[in-house]
Structures are given as structure tokens and as C-alpha cells.
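Reading the structure
Now for the letters of each chain:
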Amino acid sequence: DFEKTQETGLPQENALKFLLEDGSFAALRPSGTEPKLKMYFSCRGASMEQAQQLCEQLKEELMAVSGIQK
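Residues numbered from 1 in each chain as written. Predicted model: local features only at pLDDT ≥ 70, side-chain atom pairs only at ≥ 80, totals over all residues. Heavy atoms only, no water.

1. Notes on the overall build of the protein
Secondary structure assignment for the protein yields 1 helix and 3 strands. Traced from its N-terminal end to its C-terminal end, the protein shows the element sequence β-β-β-α. For the protein, with 70 residues in total, the buried portion stands at 16%. When the accessible area of the protein is evaluated, it comes to approximately 6200 Å², of which 51% is carbon and sulfur surface. (Helix = DSSP H or I, 4+ residues; strand = E, 2+ residues; numbered from the N terminus. Buried < 20%, exposed > 50% of the residue type's maximum accessible area, 1.4 Å probe, protein only. Areas by Shrake-Rupley, 256 points an atom, 1.4 Å probe, with all protein chains shown as cover.)

2. Quick look at the pattern of salt bridges
Close approach of charged atoms lets side chains of opposite charge pair. Inspection of the entire model under this criterion finds 1 salt bridge. Lysine 36 is the partner of glutamate 34 in a salt bridge, and the nearest nitrogen-oxygen pair spans 3.2 Å. (Salt bridge = Lys/Arg side-chain N within 4 Å of Asp/Glu carboxyl O.)

3. A word on the state of the cysteines
Counted according to the given criterion, the structure contains 1 disulfide. The side chain of cysteine 43 participates in a disulfide bridge whose partner is cysteine 55; the two sulfur atoms lie 2.3 Å from each other. On the S-S bond that ties cysteine 43 to cysteine 55, the torsion sits near 115 degrees, and the link is right-handed. Of this pair, cysteine 43 sits in the loop between strand E3 (37-42) and helix H1 (48-66) while cysteine 55 sits in helix H1, and the two are 12 residues apart along the sequence. Cysteine 55 gets classed as buried once you look at its relative accessible area, which sits at 18%. (Disulfide = S-S within 2.5 Å.)

4. Topic: the pairing of strand E1 (residues 16-19)
Two elements, E1 and strand E2 (residues 25-30), share 4 bridges in a ladder whose sense is antiparallel. Counted as the bridge partner of lysine 17 is alanine 27 from E2. (Pairing = 2+ DSSP bridges.)

5. Here's the deal with the sheet that holds E2
If you walk across this open sheet you meet the 3 strands as E1-E2-E3, and the pairing is antiparallel. Of all strands in the sheet, those bounded by a partner on one side alone are E1 and E3. Going from strand to strand, the sheet's axes swing by 10 degrees on average, the running direction of each strand aside. Pairing geometry for E2 and E3, over 6 bridges, is antiparallel. Residue pairing across strands places arginine 29 opposite lysine 38, the latter belonging to E3. Taken strand by strand, H1 contacts E2 and E3, and its axis lies near 145 degrees from that of E3. (Axes fitted to C-alpha atoms, helices over the stretch in contact; angles between N-to-C directions. Contact = heavy atoms within 4.5 Å.)

6. Notes on the nonpolar core
One finds Ala26, Leu28, Cys43, Cys55, Leu58 and Leu62 forming the largest nonpolar core, which totals 6 residues. Breaking this core down by element, the ones donating at least two residues are E2 and H1. The element contributing the most residues to this core is H1, with 3 residues. The residues touching leucine 58, leaving out its near neighbours within four places in the chain, are Leu20, Phe25, Ala26, Phe41 and Cys43. (Core = buried A, V, L, I, M, F, W, Y, C linked by side-chain atoms within 4.5 Å.)

This is a description of form; function is not addressed.
What follows is the structure, encoded as C-alpha cells:
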């Protein structure tokens, strides 16, 4: 649901942070020094391996939706 916004208490910057129901998140922001987009992920799983797999899946899905190429 992209209609919800929430104050983070963080300094204001050009960034988007998407919170998932399980507590995972994806954040996107432009680089301050280079012409590129920086992506940050934090995922929760029953194990470290599962969390890493979920982050990789989230990254792939976000890249596909945004049209970003590797």
C-alpha cells in the first residue's frame, strides 16, 4: 500500500524506504557523488540463509519493477 507515509525521525534526504509486513525493508536513494542509485535491504527469516535468500529475491523484484539493470 503506497498511500501510507510515516515519519522516521531521520534527517530529511531524497530517499524512499519500503517497509514490509514482516519487518523487512528496502531503501533507495541517489548517490551524493556519482550518477547512480543506492539500494539497501534488511530482511528477516527463520535463519540467516533464509533471510539472505529473501533479500536477494526482494532485490531482484525491485530491480525488475524499476527497470534497473545489473
